[in-house]
Amino acid sequence: MKKFFTALCVSVILLSFKSFGQYQINGTVVDQESGEPLVGASALIQGTTQGAITDDNGNFSIANVSDGAYTVIISFIGYEDISRNITVSGSDITLGQLSMSESIFAFDQVVISGTRQPEKITETPATIEIISSKDIEELPSFNPGELLSRVKGVDYIRAGVAGTGINIRGFNSNFNAKNLQVNDGRFATLIATGLPLGPLTTQIKEDIERVEVILGPNAALYGPNAHNGLVHTITKDPRSSAGTTIAVNAGNQSMLSARFRHAQVINEKLAFKVMGEYTQAEEFEFMDSVYIDRVGAFDSLGNAIPDGIKEGYEEYKLDNDLQFMRAEAALYYGVTENSDLILGWGGSNSTYLSPTNVGRNQIIDWNVNYFHLRYTSDNFFAQVYHTMSSTDDTYAIDQRTKNYYAAIDAGASEADAEASSLGNGATFADDSRRWNAEMQWNKTFGGTKVVLGGQWQRDIANSNGTYLLDNGGNDPIKINQLGIYGQIDQRFNNQLKAVASFRADNHEIYDFNFVPKAGLVYNTGKGAIRLTYGQGIAAPTILNMYGDLFAGLILGNAEGFTLSDGSQVEKQKVEKIQTIELGYKAQIVPNKFFLDANAYYNISKDFLSPVTVVGVATQRGDTPIDQVQSGFGAFGGLVATYVNFGEVNTYGFDIGTNLYINDKLNWTFNYSFFDYSVDEDDLESNDFNGDGVVNKLDILVNAPRNKFGTGLYYRTNKFFGNVFVRWVEEYDYFSSFQIAAETQDLVYRGVPVVEGARSGDTWNFGPLGGFTNVDVGVGYRVNDIFTVSAQVTNLFDSEFREFTAAPFTGRLFSAELKANLPAIGKK
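The following paragraphs examine the structure supplied in this document.

Thresholds, definitions, all that
Residues numbered from 1 in each chain as written. Predicted model: local features only at pLDDT ≥ 70, side-chain atom pairs only at ≥ 80, totals over all residues. Heavy atoms only, no water. Helix = DSSP H or I, 4+ residues; strand = E, 2+ residues; numbered from the N terminus. Rg over C-alpha atoms; globule rule 2.2 N^0.38 Å. Buried < 20%, exposed > 50% of the residue type's maximum accessible area, 1.4 Å probe, protein only. Contact = heavy atoms within 4.5 Å. Areas by Shrake-Rupley, 256 points an atom, 1.4 Å probe, with all protein chains shown as cover. Lys, Arg positive; Asp, Glu negative; His and termini not counted. Charge placed at Lys NZ, Arg CZ, Asp CG, Glu CD. 1 Å grid on protein atoms, 1.4 Å probe; cavity = no way out; pocket = protein on both sides within 12 Å on 5 of 7 lines; lining within 4 Å. Points joined across faces, edges and corners; volume = space filled by probe spheres on them. Nonpolar A, V, L, I, M, F, W, Y, C, P; charged D, E, K, R; others polar. Polar contact = N/O pair within 3.5 Å; in protein donor to acceptor, adjacent residues only side chain to side chain. Pairing = 2+ DSSP bridges. Axes fitted to C-alpha atoms, helices over the stretch in contact; angles between N-to-C directions. Core = buried A, V, L, I, M, F, W, Y, C linked by side-chain atoms within 4.5 Å. Salt bridge = Lys/Arg side-chain N within 4 Å of Asp/Glu carboxyl O. Phe/Tyr/Trp six-rings, centres within 6.5 Å; stacked < 30°, edge-to-face > 60°. Lys NZ or Arg CZ within 6 Å of the ring centre and 35° of its normal. Patch = residues over 30% accessible without salt bridge, like charges linked within 9 Å, V, L, I, M, F, W, Y side chains within 5 Å. Expected span 1.5 Å × (residues − 1).

**Describing the overall build of the protein chain**
Thought 1: When helices and strands are counted, the protein chain shows 8 helices and 53 strands.
Thought 2: Taken against the 2.2 N^0.38 rule, which gives 28 Å for 827 residues, the C-alpha radius of gyration of the protein chain at 27 Å falls within 12% of a compact globule.
Thought 3: Judged by the C-alpha coordinates and their principal axes, the protein chain covers about 95 × 60 × 50 Å.
Thought 4: Buried positions account for 57% of the 827 residues belonging to the protein chain.
Thought 5: Put simply, 65% of the contacts in the protein chain that link residues at least 6 apart link residues at least 24 apart.
Thought 6: Here the protein chain has roughly 32600 Å² of accessible surface; of this, 55% comes from carbon and sulfur atoms.
Thought 7: Put simply, the protein chain has 63 plus and 96 minus side-chain charges, and the middle of one group is 8 Å from the middle of the other.

Set out below in structure tokens:
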């Protein structure tokens, strides 16, 4: 099977074709303000897929054009389209210099994430939201992730001063790997856990061109774990963003951030960019108490605590200091007029507090590095990249606290108890790597565009024996997967086009999967209607497959288990989703009022469960359990692991509007509804906890039914400002041992659900959501070089919590001074 996929992947990508015509349409595309050439702009003959991409000097040439009348559309990401009507009659046509201005309407913009090819946002068969370069430029914060709170259709989560993230369309958890993070076409996820890099990212705000957020599954083109959605960050090309930027931020919580970016064009062939960041801050004051049953212990009043009664203790050796260091560099080489070779590197070192299913982790000196080589041309794309992740001193605070008091109760000295507190499953080490390679070919045949591609991935996960079955780091876990994908874009006329795509993956552990997607897009002239059907898969992570936690009490399920009664626990397989979506995007009032709406219906099955006790095992796969479980003497083969279960239907809709009151003032509003249904009579499939009833504790939806956001934005050449209001409905949240819910007649994992009370080893503070948050930002461009700006997040200092094992969000303010120095210039 592997040989078949390898051969097919190579053969479909390396095909080449050549068509012939008579004449050419030539031109040069530049930025209207700066006069700099725009590299990578698209020139397309309307009603066809015949076109070209601008080179390093902004030049393009559309070949093989026959006599006739045409309309040429020039488009570039973040800029307004321009069009020219021409007539070809026996000779080449030269359009001269074409100046493009930045688009203030998202309706006009070009995106690449929907089909992995440039296309207008109205014509892509997916719901895509854009965070524009203007939005990022005007954010007076070191963390561009804060702008995700304003995106329609996402559940935004703030977990402290620096921790921001999202979930899309339900089933969130403290260990959520179902939303794929991609940076410049490169998977930006941790190797062993599959989690998005988040605060571990290497990217710097000043280098981000835009962010594209896809709502719903997109596995057909991006592979496993583009299950709920995708966040794609695209960085700036140094040839169209030459110059130097220096930015400094300061704010409360001892926040200080300094960043720089320098981009330079050396000659017509060569350009580069370098950037770096240092950020420090202090986490919100919060103590996530750890509840421990201590024999012979005393409370704060000196009274003996009865055995079996758990008392709350502060997290041991908690450190609220946060520190992030990041750097990236890239070299761009123009191989030909229409092809580039790009070599990039990025690295980060991070120290912060991260919420998990069992309290918080103290992330200490976690390093992420990558090397990325790309080749791009009109018809061919190839890339190879290597990602590395390492940490030696990260630990679980909850477990360290328990270890410390266990040692004290056993008679250890303070020094000995501190030293031993980092043992017994508290420490997490990582020395993991991943190799990725991809090739993609595309060709246009009349009104049909064909895309074929292949991807290869090799994970090498190594925890040095701290949380994986890697034999103390001597036998790293190595997993290969190979996939091919294809897409046909058929344009029938100027109004109607169809898109069909597929992906076939072969994985060493969870075998073969085929994922299709199809869509119809009808352009009404003032907008577009689309209907799409897609499938997605969420793959088990390496931790799900090969985890080894708490001396083997929790084991990964890559091989299945045999229980003491002879029954079998099947090895974990992929979670699957099917989606039907209807979308409408239109100018209701030309250049004034825009509407973007979508409705969807999902069918999800074979959920990847949270960790659950399956019973006493005698074997993991073919291996006796006493050879796998290091704590066999204590546990006797009792195992908790991950399984598949259930089938749930989810549905909802998102509505976004944008009203441009005048050329300086615009108002936005978005609203989202989400709900689910489950067959409560199907106990065999859906009664996950085995209590004889199917309810919310079996299907952990963990999402609000209703939410909205609204903002007012004011922009002139000198001044900019905005006010954004976000409301999230209250909702219950359950994730492994974490509970955030109102009091109700339910028992979750043996613990009664009671708000404002102890919940197992932690505390139930009550439901998440149920708040209204107001953010305000202002800025002033002093001159062509200096800009000053400031913002206040949570203006009224409302007390609310957006995640378990995380502090309550307080008011944050930040001021920024930024200098944009002009380019040194071309030689």
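So much for the structure itself; the text now carries on.
**Examining the layout of surface pockets**
Thought 1: Approximately 1100 Å³ is the volume found for the second largest pocket.
Thought 2: Residue lining of the second largest pocket: 48 residues in total, with Val 358, Lys 402, Leu 553, Phe 737 and Asp 761 positioned closest to the centre.
Thought 3: Elements with a contribution of two residues or more to the lining of the second largest pocket: strand 20 (290–293), helix 4 (397–409), strand 38 (612–620), strand 46 (738–740), strand 47 (747–748) and strand 49 (757–759).
Thought 4: The leading source of residues in the lining of the second largest pocket is helix 4, at 7 residues.
Thought 5: Per-class residue counts for the lining of the second largest pocket are 22 nonpolar, 14 polar and 12 charged.

**Brief notes about the side chain of Ser 241**
Thought 1: With respect to the element layout, Ser 241 can be found in the loop between strand 16 (229–235) and strand 17 (243–251).
Thought 2: Only 2.7 Å separates the side chain of Ser 241 from the backbone oxygen of Asp 237, close enough to count as a polar contact.
Thought 3: There is a polar contact of 2.9 Å between the side chain of Ser 241 and the side chain of Arg 261.
Thought 4: With residues up to four places along the chain from it excluded, the contact list for Ser 241 reads Lys 236, Arg 261 and Ala 263.

**Quick word on empty space enclosed by the protein**
Thought 1: A complete count under the given rule lists 15 cavities of 30 Å³ or more for this structure.
Thought 2: Volume-wise, the second largest cavity comes out at about 410 Å³.
Thought 3: Lining the second largest cavity are 35 residues, and of these Phe 187, Pro 224, Asn 225, Gln 457 and Gln 481 lie nearest its centre.
Thought 4: When residues of the lining of the second largest cavity are traced back to their parent elements, those giving at least two are strand 13 (179–183), strand 25 (380–396), strand 26 (427–445), strand 27 (448–461), strand 28 (477–491), strand 29 (496–507) and helix 6 (542–546).
Thought 5: Here the lining of the second largest cavity is built from residues that sort into 16 nonpolar, 14 polar and 5 charged.

**A look at the sheet that holds strand 6 (residues 82–88)**
Thought 1: One open sheet accounts for 4 strands, arranged 3-2-5-6; its pairing is antiparallel. The open sheet has two edge strands with one neighbour each: strand 3 (51–53) and strand 6. The average undirected angle you get between the axes of adjacent strands in this sheet is 20 degrees.
Thought 2: Across 4 bridges, the pairing between strand 2 (residues 42–45) and strand 5 (residues 68–75) is antiparallel. Within strand 5, the position partnered with Leu 44 by the bridge is Ile 73.

**Looking at the environment of Ser 609**
Thought 1: Locating Ser 609 in the fold gives a position in the loop between strand 37 (593–608) and strand 38.
Thought 2: Its relative accessible area of 5% is what places Ser 609 among the buried residues.
Thought 3: For the pair Ser 609 and Ile 699, spaced 90 residues apart in sequence, the C-alpha to C-alpha distance is 9.5 Å.
Thought 4: Not counting chain neighbours up to four residues away, the residues in contact with Ser 609 comprise Gln 572, Thr 641, Tyr 642, Val 643, Phe 645 and Phe 688.

**Remarks on the sheet that holds strand 15 (residues 208–215)**
Thought 1: Read across the sheet, 5 strands follow the order 10-15-16-13-14 without closing on themselves; strand pairing throughout is mixed. In the strand order of this sheet, the two ends are held by strand 10 (127–131) and strand 14 (186–187), each with one partner.
Thought 2: Note that strand 13 and strand 14 share 2 bridges and pair antiparallel. Bridge assignment links Val 182 to a residue of strand 14, and that residue is Phe 187.

**What to know about unusual backbone geometry**
Thought 1: Even without being a glycine, Lys 317 presents a positive backbone phi close to 55 degrees.
Thought 2: Tracing the chain through its elements places Lys 317 in the loop between strand 21 (310–313) and strand 22 (321–336).

**Let's talk about the nonpolar core**
Thought 1: Of all hydrophobic cores here, the largest spans 22 residues; its most connected members are Ile 25, Phe 60, Ile 62, Ile 74, Leu 95 and Met 100.
Thought 2: Counting only elements with at least two residues in this core, the list comes to strand 1 (23–31), strand 2, strand 4 (59–65), strand 5, strand 6 and strand 7 (93–100).
Thought 3: For Ile 62, the residues in contact, after removing those within four places along its chain, are Tyr 23, Gln 24, Ile 25, Ala 43, Leu 44, Ile 45, Gln 50, Gly 51, Ala 52 and Val 72.
Thought 4: Residues Ile 191, Ala 461, Met 545 and Ile 554 belong to the second largest nonpolar core, which totals 20 residues.

**Looking at the pattern of salt bridges**
Thought 1: In this structure the tally under the stated criterion is 37 salt bridges.
Thought 2: For Arg 169, the salt bridge is made with Glu 581, and the minimal N-O distance between the two is 3.1 Å. Within this pair, whereas Arg 169 is found in the loop between strand 12 (164–167) and strand 13, its partner Glu 581 is found in strand 36 (residues 575–589), the two being separated by 412 residues in sequence.
Thought 3: By relative accessible area, Glu 581 is classed as buried at 5%.
Thought 4: Taking the shortest distance from any N to any O, the salt bridge between Lys 273 and Asp 207 comes out at 3.1 Å. Placement of Lys 273 in strand 19 (residues 270–282) and of Asp 207 in the loop between strand 14 and strand 15 is noted, with a sequence separation of 66 residues between them. This pair shows no difference in class: Lys 273 is buried, exactly as Asp 207 is.

**Looking at the packing of aromatic side chains**
Thought 1: Summed over the entire model, instances satisfying the criterion amount to 25 aromatic pairs.
Thought 2: Centroid distance Phe 324 to Tyr 352: 5.6 Å. Interplanar angle 35 degrees. Geometry classified as tilted. Of this pair, Phe 324 sits in strand 22 while Tyr 352 sits in strand 23 (residues 339–356), and the two are 28 residues apart along the sequence.
Thought 3: Residue Tyr 352 is classed as buried on the basis of its relative accessible area of 9%.
Thought 4: Between Phe 645 and Phe 688 the ring centres are 4.4 Å apart and the planes differ by 25 degrees, which places this aromatic pair in the stacked class. You can see Phe 645 sitting in strand 41 (residues 644–660) and its partner Phe 688 sitting in the loop between helix 8 (683–686) and strand 43 (706–715), a full 43 residues away along the chain.
Thought 5: These aromatic residues form a ring-pair network of at least three members: Phe 171, Phe 607, Phe 645 and Phe 688.
Thought 6: Above the ring of Tyr 370, the side-chain terminus of Arg 186 is found at 3.6 Å from the ring centroid.

**Examining a negative patch on the surface**
Thought 1: A surface patch of like charges, here negative, comprises Asp 365, Asp 392, Asp 393 and Asp 431.
Thought 2: You can see Asp 365 is positioned in strand 24 (residues 359–377).
Thought 3: Of the residues examined, Asp 365 reaches a relative accessible area of 35% and is grouped as partly exposed.

**Re helix 4**
Thought 1: With 13 residues, helix 4 extends 18 Å between its outermost C-alpha atoms, agreeing within 8% with the 18 Å of an ideal straight helix rising 1.5 Å per residue.
Thought 2: Taken together, the buried positions of helix 4 are Ile 397, Asp 398, Gln 399, Arg 400, Thr 401, Asn 403, Tyr 404, Tyr 405 and Ala 407.
Thought 3: Backbone geometry just after helix 4 places Gly 411 at a positive phi near 95 degrees.

**Notes on a nonpolar patch on the surface**
Thought 1: A cluster of nonpolar residues, Leu 520, Tyr 522, Ile 529, Leu 531, Ile 580, Leu 582, Tyr 584, Ile 588, Val 589, Tyr 601 and Ile 603, forms a patch on the protein surface that exposes about 910 Å² of accessible area.
Thought 2: Sorting the residues of the nonpolar patch by element identifies strand 30 (511–523), strand 31 (527–538), strand 36 and strand 37 as the ones contributing at least two each.
Thought 3: The leading source of residues in the nonpolar patch is strand 36, at 5 residues.
Thought 4: In this fold, Val 589 is placed in strand 36.
Thought 5: Taking the relative accessible area as the measure of exposure, Val 589 reaches 39% and is therefore partly exposed.

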